Each structure stands twice: as structure tokens, then as C-alpha cells.
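Chain and residue survey
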Amino acid sequence: MAGQLTASLPAAGAAAPARAAEGQSVPWLLLAPATLALVVMFVLPIGYVLLLSITDPALSIAHYKRIFSVPLYTRVLFNTFTTSLTVTVACLLLGYPVAYVMTRRSDWVSTVLLMCVAVCFWTGFIVRTYAWLVILGNKGPVIGIHQALGLGPPPRLLFTTFSSTLGMVHILLPYMILALYSVMKKIDPNLLRAAASLGARPNASFREVFLPLSLPGVVNGGILVFTICLGFFITPILLGTPKDMMISQLINQQIEELLAWGFASAVAVVLLVATSVVLAVYNRFFGLDRLWG
Amino acid sequence: MARSRSTIFDRRRLLKTGGAALAGATLGPLLVTERTVAQTRTIYVNTWGGSWTAAEEAAFFKPFTDATGIRVRTVAPVSYAKLKAQVQSGSYEWDITAINQAEWLRAEREGLVEPIDWTVVQKDKLFPDAVFANGISYCALGTNLAYRKDKFPNGGPQSWADFWDVKKFPGTRSLYNNAPRSAIFALLADGVPRDKIYPLDLDRAFKKLDQIKPHIKVWWTQGNQSQQLIRDGEIDMMAMWNARASELAAQGLPVELVWNGATVGITMWGVAKGAPNRKLAWEFIQFAVQPKPQAEFCNRLYYGPTNPKAYEFVKPEIAKQMPTFPDNAKVTVPTNVEWEATNVAKLQERFTQWLAS
């Protein structure tokens, strides 16, 4: 944190004095607002959380020791990452075809799909979570159809890992679709026509041309959904079982119910570090620079 | 000389007021300062929203404003963490909050609580046991066994031992995701008499909880979630806040409330340490704990009045549904606040780990 702070200071200070060096200092000056925003909105708060985690209530690393000695925290952390990965993969599998159709069709189908995604996006996630309680509930349509068909005792849908995952996928799917769509829309349709004219069958032109060009969207949407999902906890609480508990539920509990801000900060730091490690590994294999196409 | 002094003074004042105006313009909607208080006489109350705030509006806020001219603004929902955040940062969104006694005691131990201003609050206007840890007792909240009568035509569970008896009382079950409450219910089910519950024998409690765990379909966390579960027929019997169950019964749902073995906790009125409107806040709290306002609140939301004289104004058919009603108080377990405030962090961790495994 300190390194970044001091790094930004000369940038801001160097601009004023030397008129001769104006050519060099102007780009730095232009960077100053962004640097300031980053420092104020991200570096300082995260630094404060880091500080709290080793100073509240007293200067020690006891919080970190507790996180790694009580099995609860590592277990829930692990579950948080596997759940987020599952949700991300499910969103990708469901979202890719939708985004593809939205891109390739230019008639009313595309508009209707975009409207559906947008309406979903604008509806509060608590509302959508409660909607699943009704849809999958004892008096809901799924169990109703199951019973009407006489398929025996109703399956247990609600309050399972399945319903919890389903709820999260539903909430995060619009993010994935919009991330994919924004990239796919920029792919020049002439490239596909060119592929066809050179004898590629639709499958081949999709595999060789469209899919590689759409990968930035996959990377982008994947990271977006994965990181948002890491912070989820209300949906698993309402739709899942205690075994589906996410780490932010524990952070929230420590802050809201126990006023243990130091410990909550330590858990948050561990989550942040673990996320960074995952993204670093991801970058090593897939390259985050694909984000920018 | 005098002239120059006054111009300097004026210039300073100009700078001051200008600065204050600028600060007020940018931060105004967010911050309550001593300055704005003196002008408007408004207090800010942290509240739950929904039917809770509606009942408070009718029972406390409107009558108080009518009587004193002091306006009441509400901020929802109740946030225990915000009490700490406000006191640490020195910027206040509200003056008054209402949280349970154990939380209040922990807040007091952390120095987040404004001492009672005895120049405002008059001791002879309070009732016995009204004051605790610099808070004043507001109402009593029960966590009861509740069940759907239509699912048990031959009589439903009448105790936590019955709740644990899955053979005699088959049906879907739900418990409150709250460590002390769940441990107490387990100990009662295991035959511990209600006056010997504290200090909680946790090993015994968790052993008993192990038996019921596979049969608990949901561990609920939010009041309206618990209502939805029983309303939709998802759950046949559960631990539930008494007024939440009474509310469903009043809507015509076949929900029965069992007082035997219910836990009862007291909610406290209190003022955040250093809150800008503290004097007015104590005036409000003293007003709100008088018999009539307490009764008005409890007539709307069936949490029990803590001021015994309030029962003079509570409708008899409602009085029977209150945690502090004498017949009910005989069979319930009052919270041992000292024990809970001291042990809740460790207990909650053990409980959460037990739930997740």
C-alpha cells in the first residue's frame, strides 16, 4: 500500500514546476484523477482492512492463526471457491448459446432475448431468490406437475445444494450473457462468410473463427461471475443448506452479530489473497490480457 | 481599533459559516451535527422497518411529537455494527437503537453506549428492573415452538421433547439459526429443568442437537423467512418469534404457539455514545417506556410489555399471547444475559462449524 501511495505522489507533484518538461508531465497529470480515485476507493480501504486484521483488538496475528486452526473457516473458504467455480461454469454453458443467438439474429428474436436478460438483470436478487422458494416449494408448479403425472413421492428440491446453485446461476447469468454479448457483437460477420466461402462448414467456421474471437468474452464473463459469486451469501442462506455456507456469511456474522471487526477483516484478507492466487493461476494458463481482446 | 476588530471578527465568522455551509451542503443529508439539532429538534431512531416501525409510529413517534414538538426520523434496518461504526467514526446516522439485552451489554463493555442522563430520565417514572447496562427495557420477545394445527389433528407437539420425538410427531421441522436458542431447546428436550439451564452444558446440548440435525429441513435466519416457511406449508413445526406466529394466526392461518419452553429475551432502548441528540433521545425513551405507549405498541405487535402497568391498557385476549403475561412467564426460559454476552462468540463459532459439517 505504502509503495503505491508514494508512487502516485511524485506523479502529481512533478506536474507543476517545470514548464520545459510539460510534454512528459501532462500524461502523468492526466493519470492523477484516476490514481487518486483508486487510492481513495481501493488502496486505502483495503489497507485499513489489512491493518484492522492485525491490530483489532490488539497487535497480533492471532486472527490468522484462528482461521487456519479452526476447521470451519478453511472448509467454508474451500466451499466458497468450489461453489463459485460451479456457478461460473454453469453460467457459461447456459449463457453462451443465448449470447450467440442474440448476436447472430438481428430480428425480433434478438430484441426479445435482450429484453428478457435486461428485465432479469433489473429485478432485485432478493425478489428472484424468493421466487425460487415459490417455484420449487411444496405448493409450487414443479412439485405440482410431478404429482399430476403421478411420479411418486415429490423430490426434495428446495433447501439443497442444487437449489442454492440454481438460485445463484439465475442471478449471475445476465452478467455472463451481457459480457459475452458485448464481445460477440464486435465480431465481424464477414469473417464467418469468408470462412464459408473458403469451404468451411458452419461447425468448422464456428470452431475456428467465432469461438476463438469470442474467448475474451468468456474470460471477462468468467471472472466477473466468479468474483461476484465469491461474495454471495443471502441466496445460499435462503435456498441452500448450512453446508452451502459461503465465507461472506461468516464475515457478515462477525461484523454484524459479534462486532469482531478485526477477525472479520482477517477473514476478508484471506479471501482476497486466495482470490488473487486463483486469478494469478488463471492468468498463467489463459492470460488475462484476453480481457481486452 | 474597535472597527478593525469587528471586521476581522466578521471575516472569521464569514469563513466559518461559509465553511460550515460548504460542509453542510456536501455532507448535510448524511450527518447529524449538534448544529442542525438545535435548530430542528429531531431525533433519529434505528428501527426494523415494516410492521415493527409502523407499530412504533403509532405507539411512540406520533404521540411523542404531538406532546413535545420533537420530530422523529427513522433509519432501517437495525444494525448492531453501525452502533460501533458510528461511535468510532464520530458521524451519526441515528441516536437511538433497540437491540437485545445481551448485545447491549456487549456494546456497553466495548464503550459504545451513552450513559443514562439522569437529569432527563426520572427514576420514579420507571418500573423495577427497567434499567440495565445503561439501556432501558423496551419489550420482551419470545422464541417459541410453533406448529401447524392442520398437520396434527390429534394434537401437536407441546414441548421441545415432543419436537425432538420424530416418531410420535412426524413432519417437517425448522429451527432458528441461533446458537444459544438452539442449545437451550436441546437441553430442555434432554430433560434439563428450565431453571437449571444456565450455565449451558454445551457438550450435552450438541449431543442432543446431533439427534435432530438430520430432521431439520431449514435453519432460518430472517423473521419473514420463518413466516414464509410455515405459511407455504414447507414446514410443519418450528422455532419462531412469538409475534411472527401470532401475526400468522391473526391472518387466519392454523398456527399454534406453545409457551412451554419458549426462550424470552428483552429488547433494550439505548443511545449511541456521543450521539448528538442524546438529551432529546433520553426524553423520548422515557416517554416510550410509559405504560400507555408500551401497551399501544404491544397491542399492534405481540411482543410483551416490560412495564407491568402497561397490562392495564393491553386488550385481555392479546395479553395472553405475550411473553411477559404471568401464566406464560411461568413456563418460559429467560435469557441469562451475562452468560450469553460473555460466551456467545465461542458458542456461535462452535455452532456454525457444527452446522456446516
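This report concerns the structure included in the present document. In every chain, residue numbers begin from 1 and rise along the written sequence. Here every chain gets a letter starting at A, and every ligand a number starting at 1, in the order they are written. pLDDT decides what is reported in this predicted model: residues at 70 or higher carry local features, side-chain atom pairs at 80 or more are listed and counted, and totals for whole chains, interfaces and linings draw on all residues regardless. In computing side-chain values, all of the structure's heavy atoms are included and hydrogens and water are not.

**Remarks on the interface of chain A and chain B**
Any pair of residues with heavy atoms lying within 4.5 Å of one another is described as a contacting pair. Across the contact, 30 residues belong to chain A and 32 residues belong to chain B. Contact between chain A and chain B buries roughly 2,800 Å² in total, counting both sides, with carbon and sulfur atoms accounting for 55%. Within this document, salt bridges are pairs made up of a side-chain nitrogen of Lys or Arg and a carboxyl oxygen of Asp or Glu, the two lying within 4 Å of each other. Scanning the region where chain A abuts chain B turns up 1 salt bridge. As a salt-bridge pair, Arg66(A) and Glu349(B) come within 2.8 Å of each other at their nearest N and O atoms. Top contributing element to the side of chain A that touches chain B by residue count: helix H12 (residues 247-256) of chain A, with 5 residues. Summed over both partners, the accessible surface that disappears when two parts come together, traced with a 1.4 Å probe, is what is meant by buried area. Only DSSP runs of H or I with at least four residues qualify as helices, and only runs of E with at least two residues qualify as strands; both kinds are numbered from the N terminus onward.

**Thoughts on the pairing of strand S1 (residues 42-46) of chain B**
Note on strand geometry: in a regular strand, side chains alternate between the two faces of the sheet. Residue and element names in this part refer to chain B. Throughout, exposure labels follow a simple rule: accessible area from a 1.4 Å probe, protein chains only, divided by the maximum for the residue type, with under 20% read as buried, over 50% as exposed, and the rest as partly exposed. By the criterion of burial, S1 is predominantly enclosed, with 4 of the 5 residues buried. In this structure, S1 lies alongside strand S2 (residues 71-75), joined through 5 bridges in parallel fashion. The partner of Ile 43 across the bridge, within S2, is Val 72. Orient the strands so they point away from the viewer; a crossover is then right-handed if the path from the first strand over the helix to the second runs clockwise. With helix H3 (residues 50-68) bridging S1 and its parallel neighbour S2, the resulting β-α-β unit is right-handed. A pair of strands counts as paired when DSSP detects no fewer than two bridges linking them.

**Describing the layout of surface pockets**
Residues and elements named next belong to chain A. Space inside the second largest pocket adds up to approximately 400 Å³. As defined here, a cavity is a set of points on a 1 Å grid over the protein atoms alone where a 1.4 Å probe fits but cannot get out. A pocket is an open set with protein on both sides within 12 Å along at least five of seven lines, and residues line them when an atom is within 4 Å of a point. As for the second largest pocket, its lining consists of 19 residues, and the residues nearest its centre are Leu 85, Thr 88, Gly 222, Tyr 282 and Phe 286. For the lining of the second largest pocket, the secondary-structure elements that each account for two or more residues are helix H4 (71-104), helix H10 (202-230) and helix H13 (261-286). Considering each element in turn, the lining of the second largest pocket owes the most residues, 7 residues, to H4. In terms of residue class, the lining of the second largest pocket is built from 15 nonpolar, 3 polar and 1 charged. Grid points are joined across faces, edges and corners, and a volume is the space filled by probe spheres set on the points. The classification used treats Ala, Val, Leu, Ile, Met, Phe, Trp, Tyr, Cys and Pro as nonpolar, Asp, Glu, Lys and Arg as charged, and all other residues, Gly among them, as polar.

**Remarks on the nonpolar core**
Counting 159 residues, the largest nonpolar core has Trp160(B), Leu200(B), Trp269(B), Phe284(B) and Phe297(B) as the members making the most contacts within it. The contacts of Leu200(B), once residues within four sequence positions are left out, are Pro180(B), Ala183(B), Ile184(B), Leu187(B), Trp339(B) and Leu347(B). By size, the runner-up hydrophobic cluster in this structure holds 23 residues, among which are Tyr64(A), Ala266(A), Val267(A) and Ala274(A). Put simply, a nonpolar core is a bunch of buried Ala, Val, Leu, Ile, Met, Phe, Trp, Tyr and Cys residues held in one set by side-chain atoms that sit within 4.5 Å of each other.

**Here's the deal with the packing of aromatic side chains**
Centres within 6.5 Å make a pair out of two Phe, Tyr or Trp rings, where for Trp the six-membered ring is used; the pair is then stacked when the planes are under 30 degrees apart, edge-to-face when over 60, and tilted otherwise. On inspection of all chains with the given rule, the structure shows 35 aromatic pairs over all chains. Seen from their ring centres, Tyr73(A) and Phe263(A) are 5.0 Å apart, and the 75° between their planes marks the pair as edge-to-face. Here Tyr73(A), found in helix H4, pairs with Phe263(A), found in helix H13; they are 190 residues apart in sequence, far enough to count as distant. By the burial criterion, Tyr73(A) is buried, and Phe263(A) matches it. Three or more aromatic residues joined by ring pairs make a cluster, and in this case those are Trp52(B), Phe60(B), Phe61(B), Phe64(B), Tyr138(B), Trp269(B), Phe284(B), Phe287(B), Phe297(B) and Tyr303(B). For a lysine, the NZ atom is tested; for an arginine, the CZ atom; a charge sits over a ring if that atom is within 6 Å of the ring centre and within 35 degrees of the ring normal. Lying across the ring of Phe263(A), Arg66(A) places its NZ or CZ 3.7 Å from the centre. Over the aromatic face of Phe163(B) sits the side chain of Arg173(B), whose NZ or CZ is 5.4 Å from the ring centroid.

**Quick word on unusual backbone geometry**
Going from Asp56(A) to Pro57(A), the amide bond is cis rather than trans, its omega being 0°. For the peptide bond that leads from Ala76(B) to Pro77(B), omega is -5°, which places it in the cis range. Mapped onto the elements, Pro77(B) comes out in the loop between S2 and helix H4 (80-89). Unusually for a residue other than glycine, Phe159(A) sits at a positive phi of about 55°. Within the secondary structure layout, Phe159(A) lies in the loop between helix H7 (141-148) and helix H8 (161-184). Judged by its relative accessible area of 1%, Phe159(A) is buried. Phi at Leu259(A) is positive, roughly 55°, even though this residue is not glycine.

**Things to note about the side chain of Lys208(B)**
All names here are of chain B. Structurally, Lys 208 can be placed in helix H8 (residues 202-212). Exposure remark for Lys 208: the relative accessible area of 12% places this residue in the buried category. Setting aside anything within four residues of it in sequence, one finds Lys 208 in contact with Trp 164, Ala 186, Ala 189 and Asp 190.

**Some thoughts on helix H6 (residues 125-136) of chain A**
A helix's residues, less one, multiplied by 1.5 Å, set its expected span. Taking 1.5 Å as the rise per residue, H6(A) with 12 residues should run 16 Å; its terminal C-alpha atoms sit 16 Å apart, in good agreement. Buried residues along H6(A) sit in contact with helix H5 (108-122), H7, H8 and helix H11 (234-239) of chain A together with helix H9 (223-231) of chain B.

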